[in-house]
Amino acid sequence: MWDDAFPSFLIGLREGLEAGLIVSLLIATLVRAGAKSRLPQVWTGVLAAIALALSFGAVLTFTAASLSATAQEAFGGTLSVISVAFVTAMVFWMRRSARSLSGEIKQKVTEALAMGAGMLIVTSFLAVGREGLETALFLWTTARAAGESAGPLTGAGIGLVLAAGLCWGLYRRVLKINLTKFFTATGAVLIVVASGVLGYGLRDLQEGGVLPGKSAYAIDLSGSIDAGSWYSTLVQGVFNLTPTMTWLQVAGYVAYLATVMTLFVRGVRTTPSARPAPEPAVKTPERPEAAAKAGGKPEAAAKAGGKPEAAAKAGGKPEAGENPEVAVEAGGKPEAAQAPGSRPAPRAPEPVAPERRRPVWVVPVAVVAVPAVLAGFTVALSGSKPASAQTVAVSETDCGKGFSAPRPGRQTFQMHNTGNKTSEVYLVDPASNAVYGEIEGLAPGTTRDLVATVAGGSYAWRCVPTGGKAVTSKAVRVTGGGGARAVVPVSENDLAAPLKAYQAYVGQGLATLVTQTRKLSDDIAGNHLDTARTDWLTAHRTYSSLGAAYGTFEDFDKKINGRADGLPGGVNDPDFTGFHRVEYGLWHGQSADQLKGPAQQLADAAAGLQKAFPTQTFDPGDLPLRAHEILENTLQFELTGDTDQGSGTELATADANLSGTRELLTVLTPLLARRAPHLLPAVDADIARVQKLLDGAHQGDSWTPVDHLDATTRARLNGATGQLLEDLAPIPDLLEIRKSA
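First things first, this report covers the structure right here in the doc. Given the structure is predicted, the values throughout are model-derived calculations rather than measurements.

1. Concerning the overall build of the chain
- When you go through the chain residue by residue, the secondary structure sums to 20 helices and 16 strands.
- Relative to its full complement of 741 residues, the chain shows a buried share of 48%.
- Sequence-distant contacts, at least 24 apart, represent 76% of the contacts inside the chain between residues at least 6 apart.
- Taken as a whole, the chain presents about 35,700 Å² of accessible surface, with 58% of it coming from carbon and sulfur.

2. Notes on the packing of aromatic side chains
- Under the criterion given, the structure shown has 12 aromatic pairs.
- Judged by centre distance (4.8 Å) and plane angle (50 degrees), the rings of Tyr436 and Tyr459 are tilted. In this pair, Tyr436 is assigned in strand β10 (residues 435-442) and Tyr459 in strand β12 (residues 457-465), connecting sequence segments 23 residues apart.
- Of the aromatic side chains, those joined through ring pairs into one cluster are Trp536, Tyr543, Phe553, Phe579, Trp587 and Phe613.
- The lysine or arginine in question, Lys559, covers the ring of Phe556, its NZ or CZ lying 5.4 Å from the ring centre.

3. Some words on the nonpolar core
- Counting residues in hydrophobic clusters, the biggest one holds 70 residues, and the most contacted among them are Ile524, Phe553, Leu651, Leu668 and Leu672.
- With 10 residues, helix α17 (residues 650-675) is the single largest residue contributor to this core.
- In terms of nonpolar packing, the next biggest core, distinct from the first, is built from 21 residues, Leu10, Leu190, Leu205 and Met261 among them.

4. A closer look at the side chain of Gln206
- Mapped onto the elements, Gln206 comes out in helix α7 (residues 179-207).
- Of the polar contacts made by the side chain of Gln206, one reaches the backbone oxygen of Gly213; its length is 3.1 Å.
- Reaching out from Gln206, the side chain makes a polar contact with the side chain of Thr246 at a distance of 2.9 Å.
- Apart from residues lying up to four places away in sequence, Gln206 is in contact with Leu211, Pro212, Gly213, Lys214, Thr246, Leu248 and Gln249.

5. A look at the environment of Glu131
- Here Glu131 is to be found in helix α5 (residues 117-146).
- Spatially, the C-alpha atoms of Glu131 and Ala19 are 6.3 Å apart, while their sequence positions differ by 112 residues.

6. Describing the sheet that holds strand β7 (residues 390-394)
- The 3 strands lie next to each other as β7-β8-β11, forming an open sheet whose pairing is mixed. At either margin of the open sheet sits one strand with a lone partner, and together these are β7 and β11 (447-454). Pairs of neighbouring strands in the sheet enclose a mean axial angle of 35 degrees, with direction left out of account.
- The pairing of β7 with strand β8 (residues 409-417) spans 5 bridges and is classified as parallel. Bridging from a neighbouring strand, Thr391 pairs with Gln414 of β8.

7. Considering helix α14 (residues 579-586)
- For α14, the buried fraction is high: 8 of the 8 residues fall into the buried class.
- Buried residues of α14: Phe579, His580, Arg581, Val582, Glu583, Tyr584, Gly585 and Leu586, and no others.
- Along its buried surface, α14 packs onto α11 (496-525), α12 (529-544), α13 (556-561) and α15 (592-612).

8. A word on unusual backbone geometry
- Despite not being glycine, Asn433 shows a phi value in the positive range, around 70 degrees.
- Mapped onto the elements of the fold, Asn433 is located in the loop between β9 (423-428) and β10.
- Given a relative accessible area of 26%, Asn433 falls into the partly exposed group.

9. Focus on the pairing of β8
- Relative to β11, β8 is paired through 8 bridges, and the arrangement is antiparallel. Paired with Phe413 across the two strands is Leu450, which belongs to β11.

10. With respect to α15
- Spanning 21 residues, α15 covers 30 Å between terminal C-alpha atoms, matching the ideal 30 Å at 1.5 Å per step.
- Buried residues of α15: Ala592, Leu595, Pro598, Ala599, Leu602, Ala603, Ala605, Ala606, Leu609 and Ala612, and no others.

11. Some remarks on the pattern of salt bridges
- Here the structure, examined in full by the defined rule, presents 11 salt bridges.
- Residue Asp565 pairs with Arg563 through a salt bridge whose shortest N-O separation is 2.7 Å.
- A relative accessible area of 53% places Asp565 in the exposed class.
- Note on Arg563: relative accessible area 28%, which makes it partly exposed.
- Where salt bridges share partners, they join Lys519, Asp523 and Asp535 into one cluster.

12. With respect to the packing of helix α16 (residues 622-636) against α17
- Direction vectors running N to C along α16 and α17 enclose 165 degrees, while the axes themselves pass 10 Å from each other. Considering the angle they form, α16 stands roughly antiparallel to α17. The crossing of α16 and α17 is left-handed. Counting all contacts with α16, which are made through Leu623, Pro624, Arg626, Ala627, Ile630, Leu631 and Thr634, the residues of α17 involved are Ala654, Asn657, Leu658, Thr661, Leu664, Leu665 and Leu668.
- A class-by-class count of the residues in the contact of α16 with α17 yields 10 nonpolar, 3 polar and 1 charged.

13. Details of the environment of Gln249
- Along the chain, Gln249 falls in helix α9 (residues 247-270).
- On a C-alpha basis, the gap between Gln249 and Gly213 in space is 9.6 Å, while along the polypeptide they are 36 residues apart.
- Ignoring any residue separated from it by four or fewer positions in sequence, one finds Gln249 in contact with Gly199, Tyr200, Leu202, Arg203, Gln206 and Thr244.

Reading the values: rules and limits
- Residues numbered from 1 in each chain as written.
- Predicted model: local features only at pLDDT ≥ 70, side-chain atom pairs only at ≥ 80, totals over all residues.
- Heavy atoms only, no water.
- Helix = DSSP H or I, 4+ residues; strand = E, 2+ residues; numbered from the N terminus.
- Buried < 20%, exposed > 50% of the residue type's maximum accessible area, 1.4 Å probe, protein only.
- Contact = heavy atoms within 4.5 Å.
- Areas by Shrake-Rupley, 256 points an atom, 1.4 Å probe, with all protein chains shown as cover.
- Phe/Tyr/Trp six-rings, centres within 6.5 Å; stacked < 30°, edge-to-face > 60°.
- Lys NZ or Arg CZ within 6 Å of the ring centre and 35° of its normal.
- Core = buried A, V, L, I, M, F, W, Y, C linked by side-chain atoms within 4.5 Å.
- Polar contact = N/O pair within 3.5 Å; in protein donor to acceptor, adjacent residues only side chain to side chain.
- Pairing = 2+ DSSP bridges.
- Axes fitted to C-alpha atoms, helices over the stretch in contact; angles between N-to-C directions.
- Expected span 1.5 Å × (residues − 1).
- Salt bridge = Lys/Arg side-chain N within 4 Å of Asp/Glu carboxyl O.
- Parallel < 35°, antiparallel > 145°, perpendicular 65-115°, else oblique.
- Left-handed = near helix turned anticlockwise from the far one by under 90°.
- Nonpolar A, V, L, I, M, F, W, Y, C, P; charged D, E, K, R; others polar.

Next up, the structure:
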């Protein structure tokens, strides 16, 4: 959580200090002008600015919640880019204005005092409102990037509280802060943070389909960096840098950081260090300016050496804001500037008409209520709707009861099983049977939330009780909206043809395996161990290319490709058999006599598997699962060197696993092309990347051991495999056998 808190803490501290300084200067100016009665107007404007910022944040949150997943990515990306623009402008404005801030505020307050109460409220509202809107936008962006973490709000809260404390200390003259140095240092850090926010926003725009290059990765360290580690989480939370970044993200990050930081540093170096000249006093129509203090005795300002200074402190101490070292002063009572010895002319009292005063609470309540009402009106017009708006019955007799046409957008339905059987329930398009959401194993009497994105179209509920027939509710029609994603369900019959084709592929592979393991056994029996090492790799690659059928091979897989892990005797255990047992002997100097038995056992097991395979049960649901699991095991075992028993051929095995995955995807392509047409090109590109890296480790008949790869190549291989796994991950869900089909 704390890694996500730092950027928000920084923005809360900086923006809070900016707003607090402005408020402090407003109050100090009024107090020194003898206009304490006007302070409530300042606080009214501040309250209005806070209400506007909170309402703006609510509009962002609830408006985004009503959008589809793709639209949310585009919306969030756009606001991320806008927030970066605001933060950039704020950084440069504050660096430029830190020295003259006090004088500008005093001038605005003087003008507002002359124009009435309304202008003072507007002045404080505009001065603080901009900071509030910037804070709300940036916090919304960082909170969205952090997901479920409470870090951004916690960090912002701590930063705002600390800023309030610093401003109080400045006002009471307890603290002095070099504002130029403060805003320069925090500005540099914020530029780095904003670079990450820009990269995150560009990625969102790519995910939302607004910008191209979604699969064009410049950096891919997902295989070599643990995204859940403390250091990775810290970097992601503070700088929004992720292990995987596209070319557009990297280009945006580098270009923004290099350009903006260069301009910022150049501006800091060229900022004049000379103390600015004192500002002339501006007299208000209501009350003359306070005289300067000199040892606590009032003197006419005009006597200060003939210089036209309105108020100069003895000892040469600068006033707040006129020097980088600032301490806001609220002390000093105004004194009337009268000529010595003069007496005011007597005035006859004038009758004053009784003034009808409105209650003091009216304006503060109004300035809070108006932004809140406008925000609520905006959210209502956007079509956002609270979650859990509908409770829908699930049973054979009441399927869909309580369901009415929802509004477009992301919706949450409370699914309540009113029957006496455990059921599955699906939100479907009754015309195409496409599934928008599902719940499995909903027990009688229980309620669970189903979240789905609804767009224009027809919707119905399909309830499938255990041991019963599927029941479909009456359809409802939704108009408007767009971007809802549905999955066309898959039945066992749909997987029948791919299963048959893959079984034929495995049958051919097993026939080849039997021939190759027999030759390996003959090599060892004839004491041709060098030849046996070559034939071992050939046979092992053949078996490794049949990965999708491992779950069907039953006990034969342990006999053919078992490992020594977990066996009491390790590599010397009698139950250690198969390819890895023979590998250990061939590369650890064991004789042909020692290897004859294991080699013959391997050949017999391969022949037994070939004979048993036609009668073994091959679950069609295993095909889409294995599309992801084959290479998942490759990343876990082969690319870590965990399975190596001395041959150093883990990359050759990984290459065979990749070939097996490619073959499996070939038989599944007809089903995937209909359900995810954009998935296959991305997967093909990923496979080509991994294949190229593996080919680089293959020279003739030899393979580079995985632990001999240089760090860069190994990281690239792991990253490319990790990205391929990420793109393969949706396949099991897309091709899951659903009873709604």
